[in-house]
Amino acid sequence: MGRRNREVSNTEEVYESRGLVLDLVHWRDPRKSGIVLGAILAILLSLEYLEHDVTVTTEKVHEVADLTAAKLNASLVELRRLFLVEDLVDSVKFALVLWLLTYVGSLFNGLTLVILAVVGLFTLPKVYETHQEKIDQNLDLVKGKINDVVDK
């Protein structure tokens, strides 16, 4: 019973820390966000120069797996839907994304993609928050044109 209470407590702590992460990526406190971004980039960039094997321990994998099992199951159901062509339009979009990713993968290595993802994580939410109206208007325009093409 004690282990179950610890698991529930850990899960609640993860959900509470989610708000802290959102504050960081939305640059609510620029000093903290800058420090975190700088530290993450310094660590990622230093990985290019280390010759040590980077491994993940099984204990850490089990800890993370317990917290993400529900999201993983939902993702697998969605992937099954896309691969089994339950919705033709969604499956075609998915195939196009995979095709484009082959070209992206040929241009960048994995660490470069991680660095770009971290920079995007810290810049895109703030850019969207700042220019939300213009971005939403343009996205609506693009969606309308895509729907017109699909209808034809």
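Notes on the structure follow. (Residues numbered from 1 in each chain as written. Predicted model: local features only at pLDDT ≥ 70, side-chain atom pairs only at ≥ 80, totals over all residues. Heavy atoms only, no water.)

Quick look at the overall build of the protein chain now. Helix and strand counts for the protein chain stand at 6 helices and 0 strands. Walking the protein chain from its N terminus toward its C terminus, one meets helices and strands in the order α-α-α-α-α-α. Among the 152 residues that make up the protein chain, the fraction classed as buried is 9%. Contacts in the protein chain between residues at least 24 apart in sequence constitute 58% of all its contacts with a sequence separation of at least 6. About 12800 Å² of surface is accessible on the protein chain, with carbon and sulfur atoms providing 64% of the total. (Helix = DSSP H or I, 4+ residues; strand = E, 2+ residues; numbered from the N terminus. Buried < 20%, exposed > 50% of the residue type's maximum accessible area, 1.4 Å probe, protein only. Contact = heavy atoms within 4.5 Å. Areas by Shrake-Rupley, 256 points an atom, 1.4 Å probe, with all protein chains shown as cover.)

Once that is clear, we can look at the packing of helix 5 (residues 110-130) against helix 6 (residues 132-151). Two elements in contact, helix 5 and helix 6, have axes whose closest approach is 5 Å; the angle formed by their N-to-C orientations is 90°. Considering the angle they form, helix 5 stands roughly perpendicular to helix 6. Of helix 6, the residues touching helix 5 (which contributes Val 127, Tyr 128, Glu 129 and Thr 130) are Gln 132, Ile 135 and Asp 136. Looking at the contact of helix 5 with helix 6, its residues break down into 3 nonpolar, 2 polar and 2 charged. (Axes fitted to C-alpha atoms, helices over the stretch in contact; angles between N-to-C directions. Parallel < 35°, antiparallel > 145°, perpendicular 65-115°, else oblique. Nonpolar A, V, L, I, M, F, W, Y, C, P; charged D, E, K, R; others polar.)

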